[in-house]
Amino acid sequence: MNRFPKTIGIIMDGNRRWAKNRNLPIISGHRAGVKSLKKIVVRCCEIGVKELNIFAFSTENWNRDPFEISGIMNLIEWYLKSEIAELNKQNICFKSIGNKHNVKNGIRNLLKRAEKITFNNTGLKLSVALGYGGKQDIVFSTKKIVDKIIRGELYKEEITEKTVQQNLQSSHISNIDLLIRTSGEQRISNFLLWQVAYSEIYISEKLWPDFNPLDLDYAISSYLSRERRFGTSNIINNDI
Ligand code: IPE
Ligand code: MG
C-alpha cells in the first residue's frame, strides 16, 4: 500500500459544462469552481497534504473568448483580495507559477502580496498555475542552463535531471504523487510535465464545481490502494 500522498496536483476541469447544464452564464461555473477550490484547500490542510498544485489557467486558455478571460481574471482578483488573510490564517504558504505577461497589474501585485505575506508559513504549500504551460517551463529551464554555461558557471557534462529540475520556474514543486483531473477528461493538458512523470492519475467524472472533499478522500483512497513501481519490479512507497 502506498504512503499518504504528500503532493497532489489538480486539473480543475468542467466549470463551463457545469454552468451550461444549468443554463447559467459561463462565469457562474467559474465562480462555483472557486467555491469548490476553497473547500478542497481546507480539506487538504485538515488531512495533512504537504503540497497542493492547482491548474487555474493555462497558456492555451489565453485563446478563449476575451469576455470569458476577463471574467476569470476578475474572479482571480476577487479570490486573492478576499482570501489572502484566510490563507495566512490557515498557515498556508502561497506561490504562483506561470507567465504573468498578460495578467493585469492588479493581479500581479496581489499575487506578490500573497506570496510575501505567507512566505514563512509552514502549513500546506499551495501553488497556483496561472498562464502556465509545462512545455514553456522546460524551455525556461533550458534557457537558464544555457546562460549558466555561457557565463562559465556550469559545464555541459555536469547537467543532470536535477539541473533541469532546479532551473524550472516550478522548481519548488515536488514530484506529484497524485494527479486528479475532473470532468472525465483523460489528459495532462500541459500541466506540470516534469513533476507528473510518475504520478498516479485519478480521473473523476464529476465536473469541478461538484467535486467536494469527499471526492478528494475517494481519490486518495484509490491512490492508497495502488502499487507504485516507478518502472522497476519492486513496489516503492517512497518518493523518487
Ligand atoms: C476549467 O473549466 C477552468 C479553466 C480552464 C479556467 P473549463 O472552463 O475548462 O470548463 P469546460 O471544460 O469547458 O466545461
Ligand atoms: Mg475544460
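Residues numbered from 1 in each chain as written. Chains lettered and ligands numbered in written order. Predicted model: local features only at pLDDT ≥ 70, side-chain atom pairs only at ≥ 80, totals over all residues. Heavy atoms only, no water.

1. Let's talk about the sheet that holds strand S6 (residues 200–203)
Here is step 1 of the chain: The strand order across the open sheet built from six strands is S3-S4-S2-S1-S5-S6, with neighbouring strands paired in parallel fashion. Pairing within the sheet leaves two strands with one partner each, and these edge strands are strand S3 (93–97) and S6. Taking the axes of each pair of neighbouring strands and ignoring which way they run, one obtains an average angle of 20° across the sheet.
Here is step 2 of the chain: Relative to strand S4 (residues 125–132), strand S2 (residues 51–58) is paired through seven bridges, and the arrangement is parallel. Residue Glu51 lies in a different strand from S4, and its bridge partner there is Lys125. (Pairing = 2+ DSSP bridges. Helix = DSSP H or I, 4+ residues; strand = E, 2+ residues; numbered from the N terminus. Axes fitted to C-alpha atoms, helices over the stretch in contact; angles between N-to-C directions.)

2. Examining the layout of surface pockets
Here is step 1 of the chain: Reported here for the largest pocket is a volume of approximately 690 Å³.
Here is step 2 of the chain: Around the largest pocket sit 31 residues that line it, and Met12, Asn15, Phe55, Ala56 and Asn61 are the ones nearest its centre.
Here is step 3 of the chain: Of all the secondary-structure elements, those providing two or more residues to the lining of the largest pocket are helix H1 (15–21), helix H2 (26–47), S2, helix H3 (66–89) and S4.
Here is step 4 of the chain: Its residues assigned to classes, the lining of the largest pocket comprises 18 nonpolar, seven polar and six charged. (1 Å grid on protein atoms, 1.4 Å probe; cavity = no way out; pocket = protein on both sides within 12 Å on 5 of 7 lines; lining within 4 Å. Points joined across faces, edges and corners; volume = space filled by probe spheres on them. Nonpolar A, V, L, I, M, F, W, Y, C, P; charged D, E, K, R; others polar.)

3. With respect to the packing of H2 against helix H7 (residues 213–224)
Here is step 1 of the chain: In the contact formed by H2 and H7, the axes pass within 9 Å of each other and the chain directions differ by 50°. As far as their axial angle goes, H7 and H2 are oblique. By crossing handedness, the relation of H2 to H7 is classed as right-handed. Where H2 abuts H7, its residues Lys39, Ile40, Arg43, Cys44 and Ile47 lie against Pro213, Leu216, Asp217 and Ile220. (Parallel < 35°, antiparallel > 145°, perpendicular 65-115°, else oblique. Left-handed = near helix turned anticlockwise from the far one by under 90°. Contact = heavy atoms within 4.5 Å.)

4. Re the packing of aromatic side chains
The relation between two aromatic rings is expressed through the spacing of the ring centres and the mutual angle of the planes.
Here is step 1 of the chain: Tallied over the entire structure, the rule returns five aromatic pairs.
Here is step 2 of the chain: On the numbers, 4.9 Å between centres and 75° between planes, the contact of Phe57 with Trp62 is edge-to-face.
Here is step 3 of the chain: Classification of Phe57 by relative accessible area gives buried; the value is 1%.
Here is step 4 of the chain: What links up through ring pairs into an aromatic cluster is the set Phe55, Tyr132 and Phe191. (Phe/Tyr/Trp six-rings, centres within 6.5 Å; stacked < 30°, edge-to-face > 60°. Buried < 20%, exposed > 50% of the residue type's maximum accessible area, 1.4 Å probe, protein only.)

5. What about the side chain of Ser127?
Here is step 1 of the chain: Within the element layout of this structure, Ser127 appears in strand S4.
Here is step 2 of the chain: Accessibility expressed as a relative area gives 4% for Ser127, which makes it buried.
Here is step 3 of the chain: Sequence-distant contacts of Ser127, that is, excluding residues within four places in its chain, are made with Leu52, Asn53, Ile54, Lys95, His172 and Ile173.

6. Thoughts on H7
Here is step 1 of the chain: For H7, built from 12 residues, the straight-helix expectation of 16 Å at 1.5 Å per residue is met to within 8% by its first-to-last C-alpha distance of 16 Å.
Here is step 2 of the chain: Here H7 has its buried residues at Asp215, Leu216, Ala219, Ile220, Tyr223 and Leu224.
Here is step 3 of the chain: Buried residues along H7 sit in contact with strand S1 (7–11), H2, strand S5 (178–181) and S6.
Here is step 4 of the chain: Between the side-chain oxygen of the N-cap and the backbone nitrogen of Leu214 there are 3.0 Å, and the N-cap of H7 in question is Asn212. (Expected span 1.5 Å × (residues − 1). Polar contact = N/O pair within 3.5 Å; in protein donor to acceptor, adjacent residues only side chain to side chain.)

7. What about the environment of Lys104?
Here is step 1 of the chain: Here Lys104 shows up in the loop between S3 and helix H4 (105–117).
Here is step 2 of the chain: Between the alpha carbons of Lys104 and Thr118 there is a distance of 22 Å; along the sequence they are 14 residues apart.
Here is step 3 of the chain: Those residues in contact with Lys104 that lie beyond four places of it in its chain are Asn74 and Glu77.
Here is step 4 of the chain: A distance of 3.4 Å separates a polar atom in the side chain of Lys104 from a polar atom in the side chain of Asn74.

8. So, the side chain of His30
Here is step 1 of the chain: Along the polypeptide, His30 turns up in helix H2.
Here is step 2 of the chain: Among residues more than four places away in sequence, those in contact with His30 are Asn15, Arg16, Arg64, Glu68, Ile72 and Leu75.

9. Some words on the pattern of salt bridges
Here is step 1 of the chain: For the coordinates displayed, the defined rule picks out 18 salt bridges.
Here is step 2 of the chain: Between Glu68 and Arg16 there is a salt bridge, with the nearest N and O atoms lying 3.0 Å from each other. Highlighted residues: Glu68 in helix H3 and Arg16 in helix H1, separated in sequence by 52 residues.
Here is step 3 of the chain: Judged by its relative accessible area of 28%, Arg16 is partly exposed.
Here is step 4 of the chain: Where Lys104 meets Glu77, a salt bridge forms, and the shortest distance between an N and an O atom there is 2.9 Å. (Salt bridge = Lys/Arg side-chain N within 4 Å of Asp/Glu carboxyl O.)

10. Regarding empty space enclosed by the protein
Gaps left between atoms are located by rolling a probe of water-molecule size over the structure's atoms.
Here is step 1 of the chain: Taken as a whole and judged by the stated rule, the model has one cavity of 30 Å³ or more.
Here is step 2 of the chain: Taken as a whole, the largest cavity holds about 30 Å³ of empty space.
Here is step 3 of the chain: The wall of the largest cavity is formed by Glu51, Asn53, Lys95, Lys125, Leu126, Ser127, His172 and Ile173.
Here is step 4 of the chain: When residues of the lining of the largest cavity are traced back to their parent elements, those giving at least two are S2 and S4.
Here is step 5 of the chain: It is S4 that provides the largest number of residues to the lining of the largest cavity, a total of three residues.

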